[in-house]
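# Structure at a glance
For reference, the chains in residue letters:
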Amino acid sequence: MQKRTDPSPLGWGPRRGRAYLPAAPSRGLGPASATLSHQTPLGSSGLHASCLDLWREKNDQLVRQAKVAQDSRQFLRGQQLAQDVLEGFRGLLHSLQGLPAAVPVLPLELTVTCNFITMKASLAQGFTEDQAQDIQQSLERVLETQEQLGPRLECGLRGLWDSVLHYSSVLLELLPALHHLAGLQAALWLSTDCLGDLTLLLQTLNGNQSEASEDLLHLLKTWSPPAEESDAPLTLQDARGLRDVLLTASAYRQGLQELITGSLPKALSSLQEAASGLCPRPVLVQVYTVLGTCLRKMGNPQRALLYLVAALKGGSPWGPPLLEASRLYQQLGNTAAELESLELLVDALSVTHSPEAPQLLIEVELLLPQPNPASPLHCGTQSQAKYLLASRCLQIGRAEDAAEHYLDLLALLLDDSEPKFSPPPSRPGPCMPEVFLEAAAALIQAGRAQDALTVCEELLSRMSSLLPKMPQLWEDARKGTKESPHCLSWVSATYLLQGRAWVQLGAQKEAISEFSRCLELLFQATPKDKEQGPASSCEQGCMSDVALQQLRVAALISRGLQWVASDQDTKALQDFLLSVQMCPGNRDASFHLLQTLRRMDRRDEAIALWWSLEAQAKLPQENAAWSLPLYLETYLSWIRSPDRETLLEEFQTSLLEPCDL
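Since the structure is predicted, the reported quantities are computational estimates derived from the model, not experimental observations.

### Things to note about helix H6 (residues 175-191)
Compared with the 24 Å implied by 1.5 Å per residue over 17 residues, the 24 Å span of H6 between its first and last C-alpha is a close match. By the criterion of burial, H6 is predominantly enclosed, with 14 of the 17 residues buried.

Right, here's the structure in full:
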């Protein structure tokens, strides 16, 4: 771990120190410590001092054993040693709390409590209700010595802390241990988002309850726990070390939340504060990653890249820096680097990492929230990363690569050991059937029609149980008794892609049959009731009115093109007319209709349609903001003539010049 104040990955300077396990004192352990009874009486002051010394020796011995467990290179051995230490602290605490609370014993008892809580939280990798009960019991023990317990039990932890810290002014010998316990309470409240209670506690610790400042970072910086005496019982982690951990974790959590809510300048400041604090390497990788995200969103990609490079140099196998790097390279237009980042992300998420030896301290990681889908640290599973790679290849036209990645993805998803597929981070889809459909589209674009048919058949077999129920499902949707059966649009899209695959194979009859099956299903669909509320992510991609409309148009144009190829212009004209009626603003449908009218020498209708196209071109595109599923976007690109605008100009010349305009 390196020390620095400048959070820039290129500037290094002094950093706040870290609390390590104290060195073992020179005094030796007496033989009586090994046979200490939990029932030792305290009948005289001499015996009282003797037992106190034995308990203290036991505490110090356990701290040393924890250091051995922490340094163990064998994970299982380290875990077993740590569990033994935990049970040792539990037994020692049971001995101390089995006696009436007494001020001379409380500093040791509170120290043992703090060590016990630290061990429990570190081994459990987080705080639980048990730790809150341990803290409450310790506070009650302090109040017992002042005969002030009684009704204060009903005040909860917040009230107990107010009372205990009030009496700490006359119990100065308890002050270091109470600040240590308060640090653990602060860690617990921070990890559970009880920020209001945490703020009040810090204000009380700082003695400035009346001040208006509620800045958590400021309160943590001004909190100055009293130094422990040189002969104090050993601790796993002292109050000042806890404060440094809390400061870094608070700055990081605050910066992450500000980034998610869009307060970018504040997020940048908070994250830089976290980077300059106590940061173990895995946490520093996270902080640099989030800083990269923040700077990318602020329009500073070069600085963002510096932080991401520093994160990747951290030696961590984490995926978030790679995922963020892919987003940054996409923004910069560096497609090769973007795809390479995604490929490395897939590899990183496929590696199983061996567990590390327990730290046995309250680390920054214990106080951080689990990444949610809105977090830049959420990189998902290997299958989700593979999907991002495959879909990007399809979007940018690398069909061969896309086809291979989709086949790998399907093999991964059909493996029972892989978790159930869910939408990848930072986008609203796709559903599992859409992955099949995108895979089929990629295979067709790569010229692998037969493989595409195999993928489509696999998808249909998985939805075969729904096929006989389709008429009833559509009827229920019309009556409003059930939601629109969006799964049926997947079946329709499958027929559409199968038709395109047959076209590629030169099987015109089979292609027309598949397009007709697709249309038969789609014309049974009814638009989704606008009053049923927002659709799910799958429905937004598959069953929106726009998607259904575009599916119908794609199927009509596709079948019409096959009629044209077989010299059946009359049937082609019917399909093209219907597609224009269904979607008047669709220039692809209008273009194919115009070509057919011209070929059939229906001049007046062709001229009228051309003028209509000219008028539509001057209108704003209402549907421009509507997104379509990737497989449908890909399909629509196939039926779009690349030289459409050039041909329209030729139409203008050939159709309109002879007329007196």
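### Structural notes on the packing of helix H12 (residues 301-312) against helix H13 (residues 320-332)
Think of two packed helices as two axes; the pair is described by the angle between the axes and how far apart they sit. In the contact formed by H12 and H13, the axes pass within 10 Å of each other and the chain directions differ by 155°. Here H12 is positioned roughly antiparallel relative to H13, judged by the angle of their axes. As for how H12 packs across H13, the hand of that crossing is left-handed. Of the residues in H13, those in contact with Pro301, Gln302, Ala304, Leu305, Leu308, Ala311 and Leu312 of H12 are Pro321, Leu322, Glu324, Ala325, Leu328, Tyr329, Gln331 and Leu332. Looking at the contact of H12 with H13, its residues break down into twelve nonpolar, two polar and one charged.

### Description of the confidence of the model for the protein
With 78% of its residues at a pLDDT of 70 or more, the protein has an overall mean of 81. Contacts for the low-pLDDT stretch residues 1-44, under 50 throughout, to residues beyond four places or in other chains number 97 contacts. The model gives residues 528-542 a pLDDT under 50, and that stretch makes 26 contacts with residues more than four places away or in other chains.

### Structural notes on unusual backbone geometry
With the exception of glycine, the majority of residues adopt a negative phi angle, and the majority of peptide bonds are in the trans configuration. Despite not being glycine, glutamine 125 has its phi angle at roughly 55°, a positive value. Tracing the backbone shows glutamine 125 in the loop between helix H3 (106-124) and helix H4 (129-145). Classification of glutamine 125 as exposed rests on a relative accessible area of 59%. Residues other than glycine seldom take positive phi values, yet aspartate 193 does so here, at roughly 60°. Its location among the elements puts aspartate 193 in the loop between H6 and helix H7 (195-206).

### Details of the packing of aromatic side chains
Taken as a whole and assessed by the stated rule, the structure comprises four aromatic pairs. Look at tyrosine 387 and tyrosine 406: their rings are 6.4 Å apart centre to centre, the planes differ by 70°, and that puts the pair in the edge-to-face class. Of this pair, tyrosine 387 sits in helix H15 (residues 382-395) while tyrosine 406 is found in helix H16 (residues 399-413), placing the two residues 19 residues apart along the sequence. On the basis of relative accessibility, which here comes to 0%, the residue tyrosine 387 falls in the buried class. Both rings, one in tryptophan 610 and one in tryptophan 611, keep their centres 4.9 Å apart while their planes meet at 80°; by these two values the pair is edge-to-face. Residue class for tryptophan 611 comes out partly exposed when judged on its relative accessible area of 44%.

Calculation rules
- Residues numbered from 1 in each chain as written.
- Predicted model: local features only at pLDDT ≥ 70, side-chain atom pairs only at ≥ 80, totals over all residues.
- Heavy atoms only, no water.
- Helix = DSSP H or I, 4+ residues; strand = E, 2+ residues; numbered from the N terminus.
- Expected span 1.5 Å × (residues − 1).
- Buried < 20%, exposed > 50% of the residue type's maximum accessible area, 1.4 Å probe, protein only.
- Axes fitted to C-alpha atoms, helices over the stretch in contact; angles between N-to-C directions.
- Parallel < 35°, antiparallel > 145°, perpendicular 65-115°, else oblique.
- Left-handed = near helix turned anticlockwise from the far one by under 90°.
- Contact = heavy atoms within 4.5 Å.
- Nonpolar A, V, L, I, M, F, W, Y, C, P; charged D, E, K, R; others polar.
- pLDDT = per-residue confidence, 0-100.
- Phe/Tyr/Trp six-rings, centres within 6.5 Å; stacked < 30°, edge-to-face > 60°.

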